[in-house]
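# Secondary and tertiary structure notes
Here is how the chains run, residue by residue.
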Amino acid sequence: KVIARQYLMLGDEERSITLLNQAAETMEDLLKSSSDGRMQNVALDIYYWQGITLDRMGEDPTDSFKRAEKLNQKLTQKSDSINNPGMLLKILARSGRTDEAIKLADEMAEGAEKLMNCGYAACGYALITEHLSQDDPRHVELTEKSIDLTRSLIRQGYHDFDALRKTDLDFEPLQQNPAFLKMLDEEQTRLASEK
């Protein structure tokens, strides 16, 4: 899975999907004989990245995202971890289920004083924008919300600027956005001046 993600970041979707498909097959076999939460988490992540890769290749990611969502539901029944609604938000956003994703992102943004809520809401809003036309007023609104929440995320202690600019694919919709890049520059300069 880790190597598949690296291939995906390098733009080699073919190698990525080959590895993810192998991993998915292995997890399907393992999940038949186990309901271990850690294993379900790994499988969910594999299906999520499989969906992203298929989407990039112009293929239908629906089945992969549905599998990820099904596992997310099982994990939510076992635990109230913030990662469960956060992952559901990313699945809904990437699946193009914008109304459901916006509702969940808004709920998470209400608790934005917590680092994880803030991060999930920020990337959720960013991912939703990929499914909205540029002239949709929600596109501008959600982009602005994502930028504001990312600033808050940085001020709460998340300082991986390289990931935000380049490698975190959950922020990819903003990585060419001038306002987002300007905000990152401002925050990085502010932090450097405080040292």
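Before reading further, recall that the structure is shown in the block above.
Okay, so let's go over this structure. (Residues numbered from 1 in each chain as written. Predicted model: local features only at pLDDT ≥ 70, side-chain atom pairs only at ≥ 80, totals over all residues. Heavy atoms only, no water.)

A few words on helix α3 (residues 37-56). The terminal C-alpha atoms of α3, which comprises 20 residues, lie 29 Å apart, in line with the 28 Å expected from a rise of 1.5 Å per residue. Capping the start of α3 is the job of one residue whose side-chain oxygen sits 3.1 Å from the backbone nitrogen of R38: D36. Phi for G58, located one or two positions after α3, is positive at around 80 degrees. (Helix = DSSP H or I, 4+ residues; strand = E, 2+ residues; numbered from the N terminus. Expected span 1.5 Å × (residues − 1). Polar contact = N/O pair within 3.5 Å; in protein donor to acceptor, adjacent residues only side chain to side chain.)

As for its position among the elements, H139 is in helix α8 (residues 137-155). Judged by relative accessible area, H139 falls into the buried class, the value being 13%. Residues in contact with H139, not counting those within four places in the same chain, are T129, L132, S133 and Q134. (Buried < 20%, exposed > 50% of the residue type's maximum accessible area, 1.4 Å probe, protein only. Contact = heavy atoms within 4.5 Å.)

With that settled, consider a negative patch on the surface. Together, E14, D55, E59, D60, D63 and E130 give the surface a local cluster of negative charge. Here E59 is to be found in the loop between α3 and α4 (62-78). Residue E59 is classed as partly exposed on the basis of its relative accessible area, which comes to 42%. (Patch = residues over 30% accessible without salt bridge, like charges linked within 9 Å, V, L, I, M, F, W, Y side chains within 5 Å. Areas by Shrake-Rupley, 256 points an atom, 1.4 Å probe, with all protein chains shown as cover. Salt bridge = Lys/Arg side-chain N within 4 Å of Asp/Glu carboxyl O. Lys, Arg positive; Asp, Glu negative; His and termini not counted. Charge placed at Lys NZ, Arg CZ, Asp CG, Glu CD.)

The next thing to look at is the pattern of salt bridges. Enumeration according to the criterion identifies 22 salt bridges in this entry. Between D36 and R38 there is a salt bridge, and its shortest N-O distance comes to 3.4 Å. For D36, a relative accessible area of 27% puts it in the partly exposed group. A salt bridge links R155 to E187, with the shortest nitrogen-to-oxygen separation between them at 2.7 Å. A residue pair is termed long-range when its members are at least 10 positions apart, and R155 in helix α8 and E187 in helix α10 (residues 178-194) qualify at 32 residues. Each of R151, R155, K182, E186, E187, R190 and E194 takes part in salt bridges that share partners, so that together they form one network.

Turning next to α8. Owing to its 3.6 residues per turn, the α-helix brings residues three or four apart onto one side. For α8, spanning 19 residues, the distance from its first C-alpha to its last is 28 Å, which sits close to the expected 27 Å at 1.5 Å a residue. For α8, the full list of buried residues reads H139, L142, T143, S146, I147, L149, T150, L153 and I154. Where α8 is buried, its residues meet α6 (98-109), α7 (115-129), α9 (161-167) and α10. A distance of 2.8 Å separates the backbone nitrogen of R138 from a side-chain oxygen at the start of α8, and that oxygen is part of D136. Two residues or fewer past α8, G157 is found with a positive phi of approximately 120 degrees.

Relative orientation and spacing of two packed helices are given, respectively, by the angle between their axes and the distance between those axes. It is the contact of α3 with helix α5 (residues 83-94), at a shortest axis distance of 11 Å, that shows an interaxial angle of 20 degrees. When the interaxial angle is binned, α3 and α5 end up roughly parallel. For the pair α3 and α5, the sense of crossing is left-handed. Between α3, through L44, D45, Y48 and I52, and α5, the contact on the second element is made entirely by M87, K90, I91 and R94. (Axes fitted to C-alpha atoms, helices over the stretch in contact; angles between N-to-C directions. Parallel < 35°, antiparallel > 145°, perpendicular 65-115°, else oblique. Left-handed = near helix turned anticlockwise from the far one by under 90°.)

The next point concerns the packing of aromatic side chains. Per the stated rule, a full pass over the model turns up three aromatic pairs. Plain terms: the ring middles of Y48 and W49 are 5.7 Å apart, the flat faces sit at 85 degrees to each other, and that makes the pair edge-to-face. Across the ring face of Y47, the terminal group of R67 is positioned such that the distance to the ring centre comes to 5.5 Å. (Phe/Tyr/Trp six-rings, centres within 6.5 Å; stacked < 30°, edge-to-face > 60°. Lys NZ or Arg CZ within 6 Å of the ring centre and 35° of its normal.)

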